[in-house]
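# Remarks on the overall topology
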Amino acid sequence: LTKKVLRMFNSQDTILVEEDASGIVGVYSFVGHVATKIVFVVFLVWSLTPERALQSWGFTYYPLKYWAIAFPAWLVISIFLFFVGYESFNLMSVKSMNSRSNFKDRNPKSPSSVGLESYKKGTDVTIPPLCHIPASIVNDVLYQ
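## Digging into the overall build of the protein
Secondary structure summary: the protein contains 4 helices and 2 strands in total. Listing every helix and strand of the protein by position from the N terminus yields β-β-α-α-α-α. A separation threshold of at least 6 residues defines the contact pool for the protein, and within that pool the share at least 24 residues apart is 8%.

## So, the packing of aromatic side chains
The description of an aromatic ring pair uses the distance of the two centres, along with the angle that the planes make with each other. Enumeration according to the criterion identifies 4 aromatic pairs in this entry. Ring plane angle 50° and centroid distance 5.8 Å describe the contact between Phe43 and Trp46, whose orientation is recorded as tilted. Taken together, the residues Phe43 and Trp46, both in helix H1 (residues 21–48) and 3 residues apart, mark about one turn of the helix. Since its relative accessible area comes to 27%, Phe43 is described here as partly exposed. Residue Trp46 is classed as buried on the basis of its relative accessible area of 14%. With 5.4 Å between their ring centres and 70° between their planes, Phe82 and Phe83 make a pair best called edge-to-face. The class of Phe82 is exposed, set by a relative accessible area of 53%. Of the aromatic side chains, those joined through ring pairs into one cluster are Phe82, Phe83 and Tyr86.

## With respect to the confidence of the model for the protein
For the protein, the average pLDDT comes to 80, and 78% of its residues sit at 70 or higher. Across the protein, helix H3 (residues 66–93) holds the top mean pLDDT of 95, while strand S1 (residues 2–7) sits lowest at 48. Across residues 5–10, where pLDDT falls below 50, the model places 11 contacts with residues more than four positions away in sequence or in other chains.

## Looking at a nonpolar patch on the surface
Residues Leu64, Tyr66, Trp67, Phe71, Trp74, Leu75, Ile79, Phe82, Phe83 and Tyr86 make up a contiguous nonpolar surface patch of roughly 1200 Å² in combined accessible area. With a relative accessible area of 52%, Tyr66 lands in the exposed category.

What counts and how
Residues numbered from 1 in each chain as written. Predicted model: local features only at pLDDT ≥ 70, side-chain atom pairs only at ≥ 80, totals over all residues. Heavy atoms only, no water. Helix = DSSP H or I, 4+ residues; strand = E, 2+ residues; numbered from the N terminus. Contact = heavy atoms within 4.5 Å. Phe/Tyr/Trp six-rings, centres within 6.5 Å; stacked < 30°, edge-to-face > 60°. Buried < 20%, exposed > 50% of the residue type's maximum accessible area, 1.4 Å probe, protein only. pLDDT = per-residue confidence, 0-100. Patch = residues over 30% accessible without salt bridge, like charges linked within 9 Å, V, L, I, M, F, W, Y side chains within 5 Å. Areas by Shrake-Rupley, 256 points an atom, 1.4 Å probe, with all protein chains shown as cover. Salt bridge = Lys/Arg side-chain N within 4 Å of Asp/Glu carboxyl O.

Okay, here's the thing in structure tokens:
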């Protein structure tokens with residue numbers, strides 16, 4: 001049993017909400033596991049049993065044995081092509097290296113807007129706040 005405490009922003013009251021999600025997740029996991037095993041066993045019986053035996057057991061309508069090989073092959077190829085397509089789409093979405101948007105942000109923050117006095121002056125905190133640093137200052141620091 002997990003307990004979650006919710007605090008309302010407009011009031012000082014604390015509401016205690018009890019949730020028991022672990023039970024239903026366990027049931028769904030078990031049903032999914034058993035269903036997967038049953039479907040796999042039915043697939044193996046269908047694909048490995050001769051057609052005469054299936055007909056003698058009363059099964060007269062079933063897919064062709066061609067699909068015992070074709071469906072897994074299509075599935076593997078589809079998954080592979082999904083990942084290739086996903087990566088290709090991401091590579092097409094990236095701006096080229098000489099694009100100006102790689103060097104300049106649309107909404108840059110100046111040092112004064114985040115509480116810094118200047119680019120070159122240090123801060124009292126370990127990590128200074130995030131702000132836009134012009135390429136000329138970066139080049140000065142890196143290459144001189």
